[in-house]
Amino acid sequence: GAAAAAAPKSELQKILEEKSSGKVVSDVAETSDKNKLRGLHRELYNLIGGRAPLSEAAVYTPSKAKEKLAKATTRWEWRPFDNSARNDGLQLNHWAKKDEASPDYPFAKFNKPSRVQTFTRDEYLRLLTDDDWTEGETTLLFEMCRRFDLRFIVVHDQFVTRTPRPEKNRTVEDLKARYYSIWTKIAVAREEIKRVHGPKKDGTRNHVEFTYRYDAIHEKNRKEQLVRLSKRSFAQIHEEVLLSNELKRIRQQKQDREGPVGPGLSSAQRTRRTSHNSVADDSGHRSKKHASTERIKGAIGSAKAMAAIRPPPPHTTHLRSAIVHRQLALKPKLAQQVSDVCSEMGIVEFPMPTKAIEDAYENVRGVVLELLQLQQSIDQLQRTVSVKR
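Only a predicted model underlies this, so the values are computations on that prediction, with no experimental measurement involved.

**Details of helix α13 (residues 332-344)**
Next, step 1: The end-to-end C-alpha separation of α13 is 18 Å, in line with the 18 Å expected for 13 residues at 1.5 Å each.
Next, step 2: Within α13, burial applies to L334, V338 and C342. The buried residues of α13 occupy an angular sector of 80° when the element is viewed end-on, so they sit on one face. Among the exposed residues of α13, those oriented more than 90 degrees off its buried face are P332, K333 and E344.
Next, step 3: Among the structural elements, α14 (355-388) are those in contact with the buried residues of α13.
Next, step 4: In the segment just after α13, G346 is the residue with positive phi, at about 85°.

Okay, structure coming up:
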């Protein structure tokens, strides 16, 4: 019995000894961890529970942060700078790095002044006299244009307050018309003198090519129409939409009755005739060839018709940009192909909405559409030939 009691006692002693030794090891480990985590706050150490962090770099060291901040510091100073774009002698300051030189103002290269024409008194007496304009008004106009860099809204604001004849009540269009008419007369006269009195040197610019044509009456009418367009009421806009939809419906009915405009038969008649020839002709190969030829002709005819038919402009006041920006009445996929081909050719999607550009733009889109439809017909014929082989 004593031996049996001694055995459990020895096992208990072993367990106690292991626990006591483990406590010593953990104390040693805790002491080493504290030495490794020196610099941590007590609250942070309590949160991690005595476990060492995954990365020693995460430990914040005030001394290292101060050293890094001291190395990255750059001295800046408030100092004056030169601006070659100004000729009034104004001196401005800005912040710049202390160790960098003071070059010219970097944005001075973007200053591109407009070229304002000049004239002599002899040229004015020979070429520029006008019953509605005095020499003083003309000189003041060119002085304002030169000072405000051809910003005619600002020029008009300053001109009406300094003109010797305020009763004339000059408009912006009047100032533009006078300026550009003088520019053209002087440019043509000086070019004529160069041509008569001496040969033109290679590389010189022909001033006649850079003359301007300004229609003041057209510009006034355009602005008046634009004002009327912007002042329409909601009821007027709604009425225009209804009339436009009704016009589209009438045109669609007329097109359904008469068929598409263009050479050859309508698509339905062409289909019926092709199918009739395919069944009635004893020679199947020649009949199918004839039908394929008819399909090609029909595709070309419809493409030419699509290129030639242009919806007329609205009967109400409108902007020409609305006509240029309209899309072709095609399937979305085909319209996207036309747009992609135009982009590959370097044609902008929305060009400047002038009459000449509008006509050229519509013609190019029509030709591209014709080529795409012809390519589709060729691909269809090639697939038919490959199947028959």
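**Some words on the nonpolar core**
Next, step 1: If you look at the biggest cluster of nonpolar residues, it comprises 20 residues, and the most contacted ones within it are L141, C145, F152, V155, L175 and Y179.
Next, step 2: Within the residue set of this core, elements represented by two or more residues are α4 (121-128), α5 (135-147), α6 (152-162) and α7 (172-197).
Next, step 3: The element contributing the most residues to this core is α7, with seven residues.
Next, step 4: Setting aside chain neighbours within four positions, we find C145 in contact with V116, L150, F152, V155 and Y179.
Next, step 5: Counting six residues, the second largest nonpolar core, distinct from the first, contains L334, V338, V368 and L372.

How each quantity is defined
Residues numbered from 1 in each chain as written. Predicted model: local features only at pLDDT ≥ 70, side-chain atom pairs only at ≥ 80, totals over all residues. Heavy atoms only, no water. Helix = DSSP H or I, 4+ residues; strand = E, 2+ residues; numbered from the N terminus. Expected span 1.5 Å × (residues − 1). Buried < 20%, exposed > 50% of the residue type's maximum accessible area, 1.4 Å probe, protein only. Arc of directions from axis to C-beta. Contact = heavy atoms within 4.5 Å. Core = buried A, V, L, I, M, F, W, Y, C linked by side-chain atoms within 4.5 Å.

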